[in-house]
Amino acid sequence: MVSRDCGGTVEKMKAIIAPSLLAADAGCWGQEIELVESEGITCLHLDIMDGRFVPNITFGPGQVGMLRKHGKLEFDAHLMVVEPERLIPAFASAGADGMTVHYEACPHLHRVIEMIREQGMKAGAAVNPATPVELLAPVLSFLDRVLVMTVNPGFGGQKAILPMLKKVEWLQAEKARENLSYEIQVDGGVDRQNIGQFLSAGAESIVIGSALFQPGKTRENIQAFMRLISEQEAVWQGKA
Ligand code: DX5
Ligand code: ZN
């Protein structure tokens, strides 16, 4: 835990990495989950796409259920689908620990959040780059996680849209002002060169796909990202 100055208020935070499995070779998903957990990763990001909310199609609750036996770490399903509420029971049964739905896909977002929590999962809400994060203000107190998209969802390997980090700063300030407890997550385009900017803005959970899962290099990449996070925290603590 470190102290950091965040818009005049002092916040305690320890950032974590949430690897996005989509970037890994699908033929090795089981082994890759075991590898990341052995490196101390506590949360796995699962990108669920339906070909309607986003142009791409990935995998569903069936595959999540099959992967469950490969790790005990948190399975966090990021649903880039229309009508995500229809999938809540299936993901809960598959062993998902958390479900993040898009603000843009939920006209009745509060109801969907309640449904996720009733199934015993952590509830998250995501905003696309073009959506103002302030629109989440009425539901922030019901959320376990807020996801700021730093790319337009649909594909891994895109370049981060860094002005989105202002949303992270707003979420940090709001969290302190209202004494809330949601985790602030960022997703899209994070690499070794720009991770410092995400951390400085106040990101607490950092989704990383293509810069982390690389054939034969996943372990060294995780260690490198963890080192960068520790170095940043040491600077905040005045130890570096
Ligand atoms: C984008 C997904 C992201 C993405 C992350 O639609 O939500 O999780 O796959 O991958 P990178 O880190 O490659 O942007
Ligand atoms: Zn994602």
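Description of the structure in this document. Just so it is clear, the model here is predicted, and its values are computed rather than measured. (Residues numbered from 1 in each chain as written. Chains lettered and ligands numbered in written order. Predicted model: local features only at pLDDT ≥ 70, side-chain atom pairs only at ≥ 80, totals over all residues. Heavy atoms only, no water.)

Okay, the overall build of the protein next. When helices and strands are tallied, the protein shows seven helices and 10 strands. What you see for the protein is a C-alpha radius of gyration of 17 Å, in line with the 18 Å of a compact globule of 240 residues. For the protein, the spread of C-alpha atoms along the principal axes amounts to about 45 × 45 × 30 Å. Out of the 240 residues belonging to the protein, those deemed buried represent 53%. By element, 52% of the accessible surface of the protein is carried by carbon and sulfur atoms, the whole surface being about 10,600 Å². Seen as two clouds, the 22 positive and the 29 negative side-chain charges of the protein have centres 3 Å apart. (Helix = DSSP H or I, 4+ residues; strand = E, 2+ residues; numbered from the N terminus. Rg over C-alpha atoms; globule rule 2.2 N^0.38 Å. Buried < 20%, exposed > 50% of the residue type's maximum accessible area, 1.4 Å probe, protein only. Areas by Shrake-Rupley, 256 points an atom, 1.4 Å probe, with all protein chains shown as cover. Lys, Arg positive; Asp, Glu negative; His and termini not counted. Charge placed at Lys NZ, Arg CZ, Asp CG, Glu CD.)

This part takes up the coordination of the zinc ion (ligand 2). Here the zinc ion (ligand 2) is held by His45 (NE2), Asp47 (OD), His78 (ND1) and Asp187 (OD), and the distances to it run 2.1 to 2.3 Å. Sequence positions of the donors to the zinc ion (ligand 2) reduce to the motif H-x1-D-x30-H-x108-D. Aspartate 47 matches histidine 45 in its accessibility class, with the two residues each being buried. (Donors = N, O, S within 2.8 Å, 3.2 Å for Na, K, Ca; no water.)

Inspection of the secondary structure puts threonine 58 in the loop between strand S4 (43-49) and helix H2 (61-67). Judged by its relative accessible area of 23%, threonine 58 falls in the partly exposed class. Along the backbone, threonine 58 and phenylalanine 155 are 97 residues apart, and their C-alpha atoms lie at a distance of 9.9 Å. Filtering out sequence-adjacent residues up to four positions away, threonine 58 remains in contact with Leu22, Asp47, Ile48 and Met49. Of the polar contacts made by the side chain of threonine 58, one reaches the backbone oxygen of aspartate 47; its length is 2.7 Å. (Contact = heavy atoms within 4.5 Å. Polar contact = N/O pair within 3.5 Å; in protein donor to acceptor, adjacent residues only side chain to side chain.)

Every buried residue of helix H4 (residues 109-118) is listed here: Leu109, Val112, Ile113 and Ile116. Taken end-on, H4 shows its buried residues confined to a sector of 100°, consistent with a single buried face. In this structure, H4 carries Arg111 and Glu118 as exposed residues pointing more than 90 degrees from its buried face. Against helix H3 (88-94), strand S6 (98-102) and strand S7 (122-127) lie the buried residues of H4. The positive-phi residue at the C-terminal boundary of H4 is glycine 120, with phi of around 80°. (Arc of directions from axis to C-beta.)

This part covers the pairing of strand S9 (residues 183-187). The two faces of a sheet get side chains in turn, since along a regular strand they alternate between them. Among the five residues in S9, five count as buried, and that is most of the element. Side chains Glu183, Gln185 and Asp187 project from S9 onto one buried face, and the interleaved Ile184 and Val186 project onto a second face that is buried too. Once the chain exits strand S8 (residues 145-149) it traverses helix H5 (residues 165-178) before rejoining the sheet at S9, and the crossover so formed is right-handed. In this sheet, strand S10 (residues 205-208) lies alongside S9 in parallel orientation, the contact comprising three bridges. (Right-handed = clockwise from strand over helix to strand, strands pointing away. Pairing = 2+ DSSP bridges.)

Attention now moves to the packing of aromatic side chains. Under the counting rule described, the total for this entry stands at one aromatic pair. Positioned above the aromatic ring of phenylalanine 75, the side-chain terminus of arginine 68 is 3.8 Å from the ring centre. (Phe/Tyr/Trp six-rings, centres within 6.5 Å; stacked < 30°, edge-to-face > 60°. Lys NZ or Arg CZ within 6 Å of the ring centre and 35° of its normal.)

Most of S6 is tucked away: five of the five residues are buried. Residues of S6 alternate between two faces, with Gly98, Thr100 and His102 on one and Met99 and Val101 on the opposite face, all of them buried. Bridging between strand S5 (residues 74-80) and S6 involves four bridges; their strand directions are parallel. Bridge pairing links histidine 78 to threonine 100 in S6. As judged from the five bridges shared by S6 and S7, these two strands associate in the parallel manner. Across the sheet, residue methionine 99 finds its bridge partner in S7, namely alanine 123. Taken together, S6, H4 and S7 constitute a β-α-β crossover, and its handedness is right-handed.

This part takes up the site of ligand 1. Within the structure, ligand 1 sits among 19 residues, and Asp47, Gly154, Gly157, Asp187 and Ser210 are positioned closest to it. Contacts to ligand 1 include histidine 78, whose side-chain N or O atom sits 3.3 Å from an oxygen atom. Glycine 157 is positioned such that a nitrogen or oxygen atom in its backbone is 2.8 Å from an oxygen atom of ligand 1. If ligand 1 stood free it would expose 380 Å²; the protein chains cover 99% of that surface. When residues of the shell around ligand 1 are assigned to their parent elements, the largest contribution, three residues, is made by S4. By residue class, the composition of the shell around ligand 1 is seven nonpolar, 10 polar and two charged. (Near = heavy atom within 4 Å. Nonpolar A, V, L, I, M, F, W, Y, C, P; charged D, E, K, R; others polar.)

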